[in-house]
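Residue-level structural notes
The chain contents come next:
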Amino acid sequence: MPPIAEQLPEEVPRLIGLSLLAEELELYEAAEDLLQRYLRRRTDETLRLAAFYGRRHRLEDALFVCQQAIDEGRSHTEVCGVGAAVLRACLTDPEVEVTDDHFSKVEGWIDKAL
């Protein structure tokens, strides 16, 4: 039987909703797969992936996606909001080491947004 993400419709608007539902049901691999499929069609929404990684406490992945978004021309204003939310989420997990470098990176985005 194919993975759950392959069984679901290809309709782009549904992919994000299905991804959020899968995440809520704690089907994290399926949620990420659906989100990746959505982003292949909606490349302007890559910050959704950073936010997903942040909610999953995948700090390095989330900040990497944020930096990629900046490198691809996204505004620092948009990115710093997601970056701050990622830091906030990761600070609640004692297993995630949030360092001064992480804060400095997001602080740099905030400074450029101002």
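These remarks concern the structure in this document. (Residues numbered from 1 in each chain as written. Predicted model: local features only at pLDDT ≥ 70, side-chain atom pairs only at ≥ 80, totals over all residues. Heavy atoms only, no water.)

**Focus on the nonpolar core**
Counting residues in hydrophobic clusters, the biggest one holds 31 residues, and the most contacted among them are Leu 35, Leu 49, Leu 59, Cys 66, Val 79, Val 86 and Trp 109. Listing elements by their share of this core, those giving two or more residues are helix H2 (12-24), helix H3 (28-41), helix H4 (47-55), helix H5 (59-71), helix H6 (76-91) and helix H7 (100-113). When residues in this core are grouped by element, the largest group, 7 residues, is from H5. In contact with Leu 49, other than residues within four places in its own chain, are Leu 35, Gln 36, Leu 39 and Val 65. (Core = buried A, V, L, I, M, F, W, Y, C linked by side-chain atoms within 4.5 Å. Buried < 20%, exposed > 50% of the residue type's maximum accessible area, 1.4 Å probe, protein only. Helix = DSSP H or I, 4+ residues; strand = E, 2+ residues; numbered from the N terminus. Contact = heavy atoms within 4.5 Å.)

**Things to note about a nonpolar patch on the surface**
There is a patch of nonpolar side chains on the surface, built from Leu 21, Leu 25 and Leu 27 and spanning about 270 Å² of accessible area. With respect to the helices and strands, the residue Leu 21 is situated in helix H2. Residue Leu 21 is classed as partly exposed on the basis of its relative accessible area, which comes to 44%. (Patch = residues over 30% accessible without salt bridge, like charges linked within 9 Å, V, L, I, M, F, W, Y side chains within 5 Å. Areas by Shrake-Rupley, 256 points an atom, 1.4 Å probe, with all protein chains shown as cover. Salt bridge = Lys/Arg side-chain N within 4 Å of Asp/Glu carboxyl O.)

**Things to note about the pattern of salt bridges**
Across all of its chains, the model carries 7 salt bridges by this definition. Residue Glu 32 pairs with Arg 58 through a salt bridge whose shortest N-O separation is 3.0 Å. One end of the pair, Glu 32, is in helix H3; the other, Arg 58, is in the loop between H4 and H5, with 26 residues separating them in the sequence. Among the salt bridges present, the one from Arg 48 reaches Glu 45, with a minimum N-O distance of 2.4 Å. When its relative accessible area of 34% is taken as the criterion, Arg 48 is described as partly exposed. According to the relative accessible area criterion, Glu 45 is buried, its value standing at 16%.

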